[in-house]
Amino acid sequence: MTSAELRRSFVDFFVGKGHKQLPGASLIPDAMSTTLFTIAGMEPFVPVFLGEEPAPSSRVVTVQRCLRVAGGKNDIENVGRSGRHGTFLEMLGNFSFGDYYKREAIAFAWEYLTKTLALPAERLYATVYVDDDEAAEIWRCDIGLAPERISRLREDNFWDMGPTGPCGPCSEIFYDLGPHVGCGKTTCGVGCPDCDRYVEFWNLVFQQYDRDSSGTLHPLPKKCIDTGLGFERTCMIIAGKTSIFDTDLYQDIIASLPSGGRSAVAEPERAVHRRIIADHARAVVNLIADGVTPSNTDRGYVLRFLIRRAVRSGKVLGYPSAFLAGIVPAVAKSLASGYPEIAAASTGIAVKVRLEESLFEATIQRGQAILAEKIEQLKGSHTAVPGSVVFLLHDTYGFPPELTAEIAREAGLETDMAGYRDEMRAQRERARQDAMSKRAEVRVDAGSSGDVAPSVFVGYETLEAHATVLWLGDARGTAVDSLDAGVEGLVVLDRTPFYAERGGQMGDRGVFATPEATFDVQDARYEDKSHRRVVHAGKMRAGSLKTGDRVDAMVDPAWRREIRRHHSVTHLLQRALKDVAGEGVAQRGSAVFADRTRFDFDSPVGQLAKEQRTEVASRVNDLIRSDHHVEVEEMPFAEAVARGVVYMKGERYGDIVRVVRFGPSVELCGGTHVGSTGEIGHFILLSESAIGAGIRRVEGLASESADAYDARIRDAAEEAGSVLTATIEQLPEAVARLARERRELEKKLAALQSQITAGRAGEYIAGAQDADGVGYIALRTRGDEGVDGRELANSIRSKWPSGVIVVASAIDGKASLVVSSSDDVAGKGATAKSIFAALASHIDGKGGGTATLAQGGGRNAEGIGAALDSVPAAIRKALRG
């Protein structure tokens with residue numbers, strides 16, 4: 001049975017059991033997900049498990065692509081070295097939403113494995129949660145599995161997707177690959193830590209709890225079934241192999257790798273790198289197909305990491321440049337039976353991979369240049385490359401820290417790898433906190449009062465509404481009976497004119513008022529991904545608010561006016577970018593505030609030229625002056641796509657969508673907008689920059705913010721003109737003239753400093769001393785030479801061709817030493833490197849160099865005097881060898 005046949009047989013089996021086949025979701029999960037990528041087949045159904053959305057059917061079957069590269073489901077360190085792990089995988093799943101439960105789920109699994117796939121029953125084993133007597137009894141009595149083939153485990157048999165959300169006990173099915181794979185120990189069995197004989201390949205999860213942020217388990221509205229059959233492992237079992245990399249999923253990819261290649265590593269290690277490339281190539285192709293682009297943040301960072309990790313493996317194997325792009329067609333072909341759309345997009349995917357490969361090559365070269373400059377700066381004052389520098393090179397430029405350490409060693413410097421690891425830990429913590437803040441949810445819990453009704457949004461039609469308080473919470477989201485003056489809290493109303501943050505538009509601000517109380521609304525956001533309730537966050541200005549109170553909810557009209565204008569101009573901005581840079585422009589994200597807007601997009605032309613930026617701004621202002629009136633229409637999503645309406649890939653849309661048109665600009669959008677584009681006033685394009693490979697960011701101002709910006713620029717220009725005695729029109733020439741005068745002064749200053757240094761050199765030469773026939777100069781800089789120690793030594797050397805020069809200086813309590821030895825003296829054995837080594841102990845320092853020039857630094861500036869006094873002894877010792 002081929003992999004394609006296995007995938008089809010699973011779906012057909014469960015469709016025959018009354019399941020509805022649904023297409024797999026994107027690798028990019030819902031915006032409110034707690035994971036960066038889709039990591040399990042059940043993830044798209046989390047709102048269904050929680051009762052926030054209706055089930056598409058009581059029984060469902062899917063084939064879901066997953067990516068596991070971070071967090072608790074991270075398998076990346078095992079990839080290539082284990083025959084069972086991969087970053088990209090497919091999960092075959094059958095689901096029940098309140099329909100069947102443990103008995104049917106176990107029976108279906110057993111029937112499919114032993115009847116459809118004809119796996120030998122005697123090689124199948126099961127595990128259950130430690131106290132799940134029901135599941136154990138079903139395996140023993142219904143299925144007929146012997147008790148010794150049923151194991152009870154704790155942590156391994158309680159499944160969750162993360163620290164919060166749906167979870168429950170599970171039962172895992174294992175397959176015995178045979179004694180030839182085992183460790184041979186009499187204790188060998190399921191879960192053996194010493195071998196891979198027993199492989200887990202199907203997990204039957206009995207979803208029955210919802211874990212909150214405190215760790216408390218709450219019963220789900222309905223008990224559900226969520227199973228995940230590992231596609232790659234099952235292919236391995238069916239093929240009679242012991243590694244997933246020996247199946248048709250990977251073998252064609254490995255066969256497409258370049259032949260030959262010079263490599264110093266042994267064949268077993270070469271095989272590991274080939275498997276890493278094959279796995280990462282599958283992940284890379286799928287990520288790009290789903291719209292992810294390499295960058296230094298979030299999903300783009302993971303994609304870049306996977307590409308570069310594969311390229312590094314290719315370098316170990318001696319593969320030529322751009323080899324990874326060359327195997328994209330083989331990867332697409334291996335996936336074609338399940339995902340024909342990937343095969344159709346393979347040419348574009350290869351182009352993006354090739355671009356990232358070339359960027360990585362350039363990164364290596366650029367990183368080496370930057371590191372060389374850093375080392376030059378560090379010499380004389382540091383003994384090691386700081387961890388912050390190693391982190392900067394790695395994080396900003398993608399330069400491997402191992403390569404940094406190697407180059408630093410050659411320059412006589414150590415590398416603070418502990419400091420680098422601290423920086424990495426700090427970055428991961430920042431990323432974790434940022435992700436948590438972005439995905440934070442408020443769970444509205446009504447306690448004993450029952451479910452809280454959904455909020456009705458009336459903000460398209462009005463900025464004011466009479467409403468009833470349905471729920472109150474403190475700032476942490478805990479339900480309370482009332483909010484008193486001065487207290488920060490959360491409020492849910494039965495109806496609200498406040499737009500909740502969504503689609504890049506910030507939540508509204510305003511006030512709730514009663515005759516006795518006032519609550520200032522500082523933000524509005526949805527409770528969770530179901531978008532059923534709007535939670536208003538703010539502070540009680542006066543009085544007290546209680547559940548059941550009637551309030552007047554009033555949005556700040558100035559805030560909404562400016563938000564509408566900036567949101568609407570973002571629509572025009574996308575249209576203008578498409579007009580100027582091509583229809584390949586695709587939105588990657590946006591952030592709309594009352595005083596500015598930001599728009600991220602895939603750029604088919606890369607960086608916009610100055611003329612293109614000017615054209616974009618001009619095009620936006622043309623659309624504003626055209627005063628296009630807004631047209632809003634609701635229609636099925638499929639119809640909107642067929643009409644060519646612009647929408648954001650990866651965004652989650654409902655069956656019915658809202659289409660917003662301003663003349664030639666037609667987009668899916670649920671935000672708030674102006675009645676006509678003329679209301680926007682005018683637009684200023686502030687900046688355009690790169691935020692990732694192929695991804696650009698533009699920022700702009702409209703309406704009152706644009707007016708205020710223009711006023712500030714004019715005030716600044718007039719003030720500068722006053723100082724330079726020039727009109728605004730004359731400012732460019734006046735500034736250019738000032739810059740020329742400064743450069744001329746800097747040249748004169750440099751010439752003067754050279755003259756001073758040359759004069760000082762003559763003084764130092766006049767004071768030269770002798771040690772066993774070798775002249776030497778040992779000096780401590782005064783601090784007013786205008787040059788560093790190395791430049792001073794070179795200046796002296798230009799006038800004094802033979803001898804030893806030692807220049808010492810102190811900076812912030814640390815010592816620096818430079819030793820120069822002429823060729824003739826170095827030839828006698830008195831090399832700069834040997835003399836420096838003899839002096840370094842006085843300043844508690846380290847360094848290195850060549851026979852004619854050495855330098856380094858130390859922590860003890862007070863030892864400079866002793867070091868200079870020791871120069872003649874150091875020369876004599878070096879001459880004696």
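To be clear, the structure that these remarks concern was listed above.
The structure contained in this document is the topic of the report that follows. (Residues numbered from 1 in each chain as written. Predicted model: local features only at pLDDT ≥ 70, side-chain atom pairs only at ≥ 80, totals over all residues. Heavy atoms only, no water.)

**Structural notes on unusual backbone geometry**
Most peptide bonds take the trans form, and the phi angle of most residues other than glycine is negative. Unusually for a residue other than glycine, Asp 812 sits at a positive phi of about 55°. In this structure, Asp 844 is a non-glycine residue whose phi angle is positive, near 55°. Among the structural elements, Asp 844 can be located in the loop between α23 (832-840) and β33 (845-849). What makes Asp 844 partly exposed here is its relative accessible area of 40%. (Helix = DSSP H or I, 4+ residues; strand = E, 2+ residues; numbered from the N terminus. Buried < 20%, exposed > 50% of the residue type's maximum accessible area, 1.4 Å probe, protein only.)

**Observations concerning the side chain of Asp 600**
By the secondary structure assignment, Asp 600 is in strand β23 (residues 597-602). The class for Asp 600 is buried, based on a relative accessible area of 9%. Polar side-chain contacts of Asp 600 include one of 2.7 Å to the side chain of Arg 697. (Polar contact = N/O pair within 3.5 Å; in protein donor to acceptor, adjacent residues only side chain to side chain.)

**Some words on the pairing of strand β25 (residues 656-662)**
Each regular strand displays side chains that alternate between the two surfaces of the sheet. Among the seven residues that make up β25, five are buried, leaving the element largely enclosed by the rest of the structure. By the bridge criterion, seven bridges tie strand β24 (residues 630-636) to β25 in an arrangement that is antiparallel. By the bridge assignment for β25, Glu 631 is matched with Arg 661. By the bridge criterion, four bridges tie β25 to strand β26 (residues 665-668) in an arrangement that is antiparallel. If you follow Val 660 over to β26, its bridge partner there is Glu 667. Counted between consecutive antiparallel strands, the loop separating β25 from β26 contains two residues, among which Gly 663 sits at a positive phi close to 60°. (Pairing = 2+ DSSP bridges.)

**Considerations on the nonpolar core**
Trp 139, Trp 202 and Leu 324 are the most contacted members of the largest nonpolar core, which totals 90 residues. For this core, the element with the highest residue contribution is helix α7 (residues 267-289), accounting for eight residues. Ignoring anything within four residues of it in the chain, the contact list for Leu 324 reads Ile 277, Ala 281, Ile 307, Ala 310, Val 311, Val 353 and Glu 357. In terms of nonpolar packing, the next biggest core, distinct from the first, is built from 26 residues, Ala 815, Val 819, Ala 854 and Ile 864 among them. (Core = buried A, V, L, I, M, F, W, Y, C linked by side-chain atoms within 4.5 Å. Contact = heavy atoms within 4.5 Å.)

**What to know about the sheet that holds strand β21 (residues 550-555)**
A barrel is described by the order of its strands in space; here six strands give the closed sequence β13-β15-β19-β18-β17-β21, paired in antiparallel fashion. Adjacent strand axes in the sheet meet at a mean angle of 45° when their direction is disregarded. Across five bridges, the pairing between strand β13 (residues 464-474) and β21 is antiparallel. Residue pairing across strands places Glu 464 opposite Met 554, the latter belonging to β21. (Axes fitted to C-alpha atoms, helices over the stretch in contact; angles between N-to-C directions.)

**What about the packing of α23 against helix α25 (residues 871-880)?**
Orientation of α23 relative to α25, taken along the N-to-C sense of each, is 130°, at an axis distance of 9 Å. Our classification of the angle between α23 and α25 gives oblique. The interaxial crossing formed by α23 with α25 has right-handed handedness. Of the residues in α25, those in contact with Ser 834, Ile 835, Ala 838 and Leu 839 of α23 are Val 871, Ala 874, Ile 875 and Ala 878. Class assignment for the residues of the contact of α23 with α25 results in seven nonpolar, one polar and no charged. (Parallel < 35°, antiparallel > 145°, perpendicular 65-115°, else oblique. Left-handed = near helix turned anticlockwise from the far one by under 90°. Nonpolar A, V, L, I, M, F, W, Y, C, P; charged D, E, K, R; others polar.)

**Remarks on the packing of aromatic side chains**
Enumeration according to the criterion identifies 26 aromatic pairs in this entry. For the pair Phe 10 and Phe 14, a centre-to-centre distance of 4.9 Å together with 50° between the ring planes defines the contact as tilted. Within this pair, Phe 10 and its partner Phe 14 are both found in helix α1 (residues 3-15), separated by four residues, close to a single helical turn. Exposure class is identical for Phe 10 and Phe 14. Each is buried. Arranged with centres 4.9 Å apart and planes meeting at 85°, the rings of Phe 13 and Phe 14 form a pair that is edge-to-face. For Phe 13, a relative accessible area of 10% translates into the label buried. These aromatic residues form a ring-pair network of at least three members: Phe 10, Phe 13, Phe 14, Tyr 100, Phe 108, Tyr 112 and Trp 202. For Arg 596, the ring lying beneath its charged end belongs to Phe 593, and the centroid distance is 4.0 Å. (Phe/Tyr/Trp six-rings, centres within 6.5 Å; stacked < 30°, edge-to-face > 60°. Lys NZ or Arg CZ within 6 Å of the ring centre and 35° of its normal.)

**Re a nonpolar patch on the surface**
A grouping of Leu 749, Leu 752 and Ile 756 is seen on the molecular surface, where their side chains present a nonpolar patch of about 260 Å² in accessible area. As for its position among the elements, Ile 756 is in helix α20 (residues 731-766). Its relative accessible area of 38% is what places Ile 756 among the partly exposed residues. (Patch = residues over 30% accessible without salt bridge, like charges linked within 9 Å, V, L, I, M, F, W, Y side chains within 5 Å. Areas by Shrake-Rupley, 256 points an atom, 1.4 Å probe, with all protein chains shown as cover. Salt bridge = Lys/Arg side-chain N within 4 Å of Asp/Glu carboxyl O.)

**Things to note about the layout of surface pockets**
By volume, the second largest pocket is sized at about 1,100 Å³. Residue lining of the second largest pocket: 46 residues in total, with Arg 68, Glu 172, Glu 200, Asn 203 and Arg 233 positioned closest to the centre. Those elements that provide at least two residues to the lining of the second largest pocket are β3 (88-97), β6 (158-160), β7 (165-176), β8 (198-211), β9 (217-230) and α5 (231-238). At six residues, β8 tops the list of elements feeding residues into the lining of the second largest pocket. The residue inventory of the lining of the second largest pocket, partitioned by class, reads 22 nonpolar, 10 polar and 14 charged. (1 Å grid on protein atoms, 1.4 Å probe; cavity = no way out; pocket = protein on both sides within 12 Å on 5 of 7 lines; lining within 4 Å. Points joined across faces, edges and corners; volume = space filled by probe spheres on them.)

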